[in-house]
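The residues making up each chain are set out below.
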Amino acid sequence: MLRKIEQGRFGELIEALLARGPLYAPVRDDRGVNFQLIRKASEPTLDFYNTLQSPKLAWFPQSEDLIRYRLAKGETKGEAISGPVAPTVVLGMRPWDVKSLAIMDLLFLGGGKEDPYWLEKRRLTTVIGYGLASEEEPDGADFFRTLNIGAADSDGSDVFLLKKDGDLLLEGITERGKGLLGELTFLKEGTEEDERYLVAAKAGGKDRKTRFFDLDANAAADKLKAVFADNTFWEKEAEGCISCGTCTFVCPTCHCFDIADETLFRDGVRRRFWDACMFTDFTLEASGHNPRPRTFQRLRQKICHKYSFYIEKFGVVSCVGCGRCTRLCPVNIDIFSLVARAVNL
Amino acid sequence: MTAFKDIEERLKEKAKDLLEKGEVECVFAYGRGYDERHPRPYVAKTKEDAENLVFNEYCTFNLARYAVKEPRKKIAVAAKGADSRALVQLIQEGKLKRENLVILGIPAAGMVDAKSGLTLDEKTTGAFANPVVYDVLLGDKLPEAKNSPYEVLGELEGLSGDGRWEFWRKEFARCLRCFACRKACPMCYCDPCFMDQSRPRWADKSPTLDGNTMYHLTRFYHLAGRCVDCGECTRACPVDIPLYLFHKRLAKDCEEMFNQAAGMKLEDKPVLVDFRVEDGDEILL
Amino acid sequence: MQNPYLPMPVRVIKVTTEVDTGEIKTFRLAFVNKEDEERFDYLPGQFAELSIYGKGESPIGIASSPTQKGYIEFTVQRAGTVVPGQVTSALHDLEEGAIIGIRGPLGHPWPLEFLEGKNIVVVGGGFAFTTLRSLVNYMIYEENRRRFGKISIIYGARLPGLLCYKDELALWGKRDDLDLCVTVDKGNEAWEGREGFVPAICKDVAPCAENAVAVICGPPIMIKYTLPVFFNLNFSKENILTSLEMRMKCGIGKCGRCNVGSKYICNDGPVFSLAELDALPRDF
């Protein structure tokens with residue numbers, strides 16, 4: 001199922017999506033482009049290469065209320081806060097970000113216990129993926145090709161969006177996506193020529209040059225386990241690391257969180273919010289024991305979690321090569337070259 | 001002005017010399033990153049390591065932040081103007097000992113923040129061109145900036161109190177609580193930081209606007225009279241909160257009230273620790 | 001689907017102060033709702049998150065045995081010398097009758113099927129004896145006793161006043177279907193039992209490794225010196241079990257805090273054999 005609309009009528013598309021329910025899309029401000037909950041049809045933009053932060057916030061917000069309670073003399077009753085009431089659309093996700101959802105699913109829906117908050121949002125959210133058009137060049141920090149992700153991969157999207165000359169092509173991938181496109185009756189039918197363009201773009205996306213090394217996930221997992229005890233290596237790699245949480249917070253696959261009760265007078269909320277394995281007190285136990293008191297141990301944990309432990313547990317690398325951590329690291333630590341060095345040690 | 005390439009050569013030479021003679025255990029400087037525009041903080045421990053040192057306009061890091069973690073070691077630190085002020089301030093505060101430090105002074109102008117593309121000057125941060133204290137100077141002295149580093153505050157100071165409050169609330173609303181600002185800051189050495197204490201808990205643990213405001217305002221005030229305007233906090237911030245503007249404003253107040261800027265002279269006492277009879281009493285009223 | 005983050009209400013029906021410093025207390029809890037009690041189907045070695053709204057949650061090993069019907073017990077140390085433990089402090093301030101929350105059971109129990117038919121050596125130190133107490137009570141329960149071989153228990157604390165479950169220890173001491181050896185690092189005038197560190201006592205008692213499994217919990221320093229004793233006695237790494245502690249929040253393998261290697265200690269543990277731990281990175 002292929003539909004299209006002129007790029008000049010993008011606002012109309014947004015208007016129609018906004019009428020259906022909450023919509024997240026990329027918005028530009030003077031600092032760059034980020035996903036936001038859209039209020040006006042004029043806000044979203046498709047003119048960007050990569051958003052500064054990942055769109056994970058639509059499923060895993062920085063801060064999320066889990067349980068509401070009211071302190072009482074006898075029994076304090078808690079009430080679970082249910083997921084979003086309205087079906088949501090996230091528009092403009094790059095292929096690597098779409099891929100991150102499947103990686104996060106393994107954690108949030110696996111291990112024998114489903115996370116109801118993640119599940120509810122996954123169930124009710126439509127993903128409109130957005131392929132990188134052939135003229136848009138990767139920026140040097142990213143390396144999604146190393147993770148075998150194409151610049152115009154549509155897997156994982158419900159609808160796949162791609163620029164073509166003056167048009168926007170919209171391909172229905174899943175039943176949900178096709179249903180959505182069916183509702184948007186003002187869209188035009190795609191032509192056979194559009195179809196051929198789309199197929200060629202997807203194939204071409206596989207060859208888009210980003211930083212690359214030949215990554216064999218299982219071999220990398222084993223190698224990192226072997227390198228794990230090499231403190232000299234990790235100390236050298238981490239000597240610039242300031243142990244902040246930037247890399248984890250902008251990462252589309254970092255999922256660690258903390259839970260805290262926050263009460264104002266008698267009304268309170270138990271909420272979860274992003275946490276980072278890079279923080280000193282992340283593993284600090286009540287006894288005072290901290291298994292990872294040193295910076296290099298925490299950087300090692302982050303790298304190995306993504307490129308070894310996750311592979312061993314779930315069979316995939318927990319990284320999509322979006323390059324955000326590298327781009328925003330205050331001291332220019334680069335996961336790509338770090339892993340490459342470790343694997344080739 | 002000495003070319004960055006020449007500074008790099010002298011830095012390598014000096015580091016090699018110090019390490020070879022065993023005069024220091026390590027040299028905190030800059031090394032190669034994943035490309036030219038993205039160098040990294042680097043610790044040279046052997047004379048072979050010294051070969052890996054680099055210096056270019058993107059070496060903006062304030063290495064005092066690493067030096068303060070090694071108070072007992074004999075170390076050498078590459079220090080540009082503001083970085084040297086940070087070292088001086090840390091010495092004043094008793095966190096570092098002058099005799100344990102070999103300060104490799106780097107006069108530098110035209111440093112560039114790779115992320116924003118902005119030049120480090122009096123309109124941003126780190127405008128101080130020459131190291132205030134050094135053991136070796138790796139380049140020729142430069143003329144200092146002509147304009148006041150506080151001129152950039154004009155626009156914000158022109159706003160009403162409500163306007164400034166609105167400005168900062170909007171900025172703090174974006175805060176991710178990644179703590180890159182405090183982690184990059186050489187003066188933020190409190191252990192534990194008040195934000196990590198749970199009894200009492202000073203601010204919400206989750207990133208609420210009120211908690212963010214509490215965090216930043218408290219941090220600003222903890223740095224009053226101590227901030228050397230190196231700009232690391234602002235460059236580190238992944239969401240570009242212009243923290244330097246607040247720090248500059250407090251620095252300006254301190255300078256006006258006590259006629260002292262942070263980290264300028266080894267013999268100074270930290271301005272809010274020192275008491276002089278002639279001190280103004282405006283802050284008490 | 002039951003929301004795994006939502007605690008079930010339980011009433012504190014008994015509080016026992018275990019040690020003379022008052023810093024360790026056992027809380028006996030009864031479910032407020034019958035269906036919650038049925039849902040809370042646990043085995044020795046598992047843990048639960050105790051919840052006090054406004055303070056938070058704390059993961060605590062279950063100290064009672066499922067053979068003890070009508071209640072569950074948790075032995076809780078007031079944390080806070082280094083990291084102020086908000087929840088454990090609040091728990092310690094509770095009086096009988098108070099209602100708190102519980103989430104669980106969480107994690108894997110001691111591998112009971114693996115233990116069946118074997119001689120069991122239980123080694124515990126100080127306050128870390130809680131899930132071992134659950135295991136012992138489970139094994140010596142009338143209907144279960146014949147499923148297990150010889151049961152030997154070595155339990156130590158620094159001082160006599162720091163031993164937990166003193167009444168129960170006295171009862172166990174009178175039984176002839178288990179060997180109990182209680183020791184303290186340093187006794188006092190009233191102490192008539194053994195004196196000595198747990199590793200030394202283990203060496204002394206020298207349990208036979210033949211068809212035997214050692215289940216060991218205690219402070220890191222005790223574990224460190226006890227393990228070599230059991231290696232020397234020819235216990236294989238598969239036959240030495242322990243329970244790991246890591247900082248946890250969610251308890252269901254999501255929040256990432258207790259991740260070590262490919263394991264999430266809360267969900268994949270906390271019970272591991274030494275052979276399994278050897279395969280993990282040394283990061284706990």
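Model, not experiment: these values are computed from the prediction. (Residues numbered from 1 in each chain as written. Chains lettered and ligands numbered in written order. Predicted model: local features only at pLDDT ≥ 70, side-chain atom pairs only at ≥ 80, totals over all residues.)

## So, the overall build of chain A
1) Next: In terms of helices and strands, chain A carries 11 helices and 12 strands.
2) Next: Its C-alpha atoms give chain A a radius of gyration of 22 Å, near enough to 20 Å, the size a compact globule of 345 residues would have.
3) Next: The principal-axis extent of the C-alpha atoms belonging to chain A is close to 65 × 60 × 40 Å.
4) Next: Relative to its 345 residues, chain A shows a buried fraction of 51%.
5) Next: Relative to all contacts within chain A whose residues are 6 or more apart in sequence, the contacts with residues 24 or more apart total 71%. (Helix = DSSP H or I, 4+ residues; strand = E, 2+ residues; numbered from the N terminus. Rg over C-alpha atoms; globule rule 2.2 N^0.38 Å. Buried ≥ 20, exposed ≤ 12 C-beta atoms within 10 Å, placed from the backbone. Contact = placed C-beta atoms within 7 Å.)

## Let's talk about the overall build of chain B
1) Next: Looking only at helices and strands, one finds 10 helices and five strands in chain B.
2) Next: Relative to the compact-globule value of 19 Å for 285 residues, chain B shows a C-alpha radius of gyration of 19 Å, a close match.
3) Next: For chain B, the spread of C-alpha atoms along the principal axes amounts to about 55 × 45 × 40 Å.
4) Next: Put simply, chain B has 285 residues, and 47% of those count as buried.

## Here we look at the pairing of strand 4 (residues 101–105) of chain B
Residue and element names in this part refer to chain B.
1) Next: Burial of strand 4 is extensive: four of the five residues sit out of reach of the surface.
2) Next: Across five bridges, the pairing between strand 3 (residues 75–79) and strand 4 is parallel. Pairing of valine 77 across the sheet is with isoleucine 103, part of strand 4.
3) Next: Of the crossover connections in this fold, the one passing from strand 3 over helix 4 (residues 81–92) to the parallel strand 4 is right-handed.
4) Next: With two bridges joining them, strand 4 and strand 5 (residues 136–137) adopt parallel strand pairing. Along strand 5, the bridge assignment pairs glycine 105 with leucine 137. (Pairing = 2+ DSSP bridges. Right-handed = clockwise from strand over helix to strand, strands pointing away.)

## Some words on the interface of chain C and chain A
1) Next: Each partner contributes to the interface: chain C provides 39 residues, whereas chain A provides 44 residues.
2) Next: Partitioning the side of chain C that touches chain A into residue classes produces 17 nonpolar, 13 polar and nine charged. (Nonpolar A, V, L, I, M, F, W, Y, C, P; charged D, E, K, R; others polar.)

## So, helix 8 (residues 209–222) of chain B
The α-helix advances 3.6 residues per turn, and as a result positions three or four apart in sequence lie on the same side.
Residue and element names in this part refer to chain B.
1) Next: Between its first and last C-alpha atoms helix 8 spans 20 Å; for 14 residues at 1.5 Å apiece the expected length is 20 Å, and the two agree.
2) Next: Among the residues making up helix 8, those that are buried are Gly211, Asn212, Tyr215, His216 and Arg219. Projection of helix 8 onto a plane perpendicular to its axis shows the buried side chains occupying an angular sector of 125°, all on one side. Of the residues in helix 8, the exposed ones pointing more than 90 degrees away from the buried face are Asp210 and Tyr221.
3) Next: If you follow the buried residues of helix 8, they end up packed against helix 6 (161–173) and helix 7 (180–184). (Expected span 1.5 Å × (residues − 1). Arc of directions from axis to C-beta.)

## Observations concerning the environment of Thr208(B)
1) Next: Among the structural elements, Thr208(B) can be located in the loop between helix 7 and helix 8.
2) Next: Each C-alpha atom, one on Thr208(B) and one on Arg174(B), is 9.9 Å from the other, the two residues being 34 residues apart in sequence.

## A word on unusual backbone geometry
Residues other than glycine predominantly adopt negative phi, and peptide bonds predominantly adopt the trans conformation.
1) Next: The omega angle of the peptide bond from Asp191(B) to Pro192(B) is -5°, so this bond is cis rather than trans.
2) Next: Inspection of the secondary structure puts Pro192(B) in the loop between helix 7 and helix 8.
3) Next: A cis amide bond links Gly269(C) to the next residue, Pro270(C), at an omega of 0°.
4) Next: The topology assignment puts Pro270(C) in the loop between helix 9 (265–268) and strand 15 (271–273).
5) Next: Even without being a glycine, Tyr165(C) presents a positive backbone phi close to 55°.
6) Next: Along the polypeptide, Tyr165(C) turns up in the loop between strand 8 (151–157) and helix 6 (166–174).
7) Next: Despite not being glycine, Asn234(C) shows a phi value in the positive range, around 70°.
8) Next: Locating Asn234(C) in the fold gives a position in the loop between helix 8 (220–232) and strand 12 (240–243).
9) Next: Since 11 C-beta atoms lie within 10 Å of it, Asn234(C) is described here as exposed.

## Side note on the sheet that holds strand 7 (residues 119–125) of chain C
Residue and element names in this part refer to chain C.
1) Next: Taken in spatial order, the seven strands of this open sheet run 10-9-8-7-11-12-15, and their pairing is mixed. Looking at the sheet topology across the chains shown, the edges are occupied by strand 10 (194–195) and strand 15.
2) Next: In the sheet, strand 7 pairs with strand 8 via six bridges, with the strands oriented parallel. Pairing of isoleucine 120 across the sheet is with isoleucine 151, part of strand 8.
3) Next: Contacts between helix 4 (residues 130–139) and the sheet are confined to strand 7, strand 8, strand 11 (212–217) and strand 12, with strand 7 contributing the most and set at about 150° to the helix. (Axes fitted to C-alpha atoms, helices over the stretch in contact; angles between N-to-C directions.)

## Re helix 4 (residues 175–183) of chain A
Residue and element names in this part refer to chain A.
1) Next: Where helix 4 is concerned, the buried positions are Gly177, Leu180 and Leu181. Within helix 4, the buried residues cover an arc of 95° as seen down the axis, which keeps them to one side. Of the exposed residues in helix 4, those oriented more than 90 degrees away from the buried face are Glu175, Gly182 and Glu183.
2) Next: Where the residues of helix 4 are buried, they touch strand 1 (2–6), strand 7 (125–130), strand 8 (159–164) and strand 9 (167–172).

## Details of the sheet that holds strand 5 (residues 72–77) of chain C
Residues and elements named next belong to chain C.
1) Next: Strands sit in the order 4-3-6-1-2-5 across an open sheet of six strands; the sheet is antiparallel. The outermost strands of the open sheet, each flanked by one partner alone, are strand 4 (56–61) and strand 5. Across this sheet, the average inter-strand angle for adjacent strands is 40°, counted without regard to direction.
2) Next: Pairing of strand 2 (residues 24–31) with strand 5, which is carried by six bridges, proceeds in the antiparallel orientation. Looking across to strand 5, one finds that phenylalanine 27 is bridged to phenylalanine 74.

## Description of the environment of Lys69(B)
All names here are of chain B.
1) Next: Considering the arrangement of structural elements, one finds lysine 69 in the loop between helix 3 (64–67) and strand 3.
2) Next: Owing to 12 C-beta atoms within 10 Å, lysine 69 belongs among the exposed residues under this scheme.
3) Next: Distance from lysine 69 to lysine 95, taken between C-alpha atoms, is 8.9 Å for residues 26 residues apart in sequence.

## Some remarks on the environment of Gly218(C)
1) Next: Along the chain, Gly218(C) turns up in the loop between strand 11 and helix 8.
2) Next: Once residues within four sequence positions are removed from consideration, Gly218(C) is found in contact with Gly124(C), Gly125(C), Gly126(C), Ala128(C), Val198(C) and Ile223(C).

## Quick notes on the packing of helix 6 of chain B against helix 8 of chain B
Residues and elements named next belong to chain B.
1) Next: In contact at an axis separation of 9 Å, helix 6 and helix 8 are set at 105° when each is read in the N-to-C sense. As judged from the angle between their axes, helix 6 and helix 8 are roughly perpendicular. Residue-level inspection shows Arg169, Phe172 and Ala173 of helix 6 in contact with helix 8, the latter providing Leu209, Asn212, Thr213 and His216.
2) Next: Taken together, the residues of the contact of helix 6 with helix 8 break down into three nonpolar, three polar and one charged. (Parallel < 35°, antiparallel > 145°, perpendicular 65-115°, else oblique.)

## A few points about the nonpolar core
1) Next: Val27(B), Ala29(B), Val77(B) and Leu87(B) are the most contacted members of the largest nonpolar core, which has 162 residues in total.
2) Next: Looking at this core, the element that brings in the most residues is helix 9 (residues 295–314) of chain A, giving seven residues.
3) Next: The contacts of Val27(B), once residues within four sequence positions are left out, are Ala15(B), Leu18(B), Leu19(B), Ala44(B), Ala50(B) and Ala76(B). (Core = buried A, V, L, I, M, F, W, Y, C linked by C-beta atoms within 7 Å.)

Any functional reading would require information beyond the geometric quantities listed.
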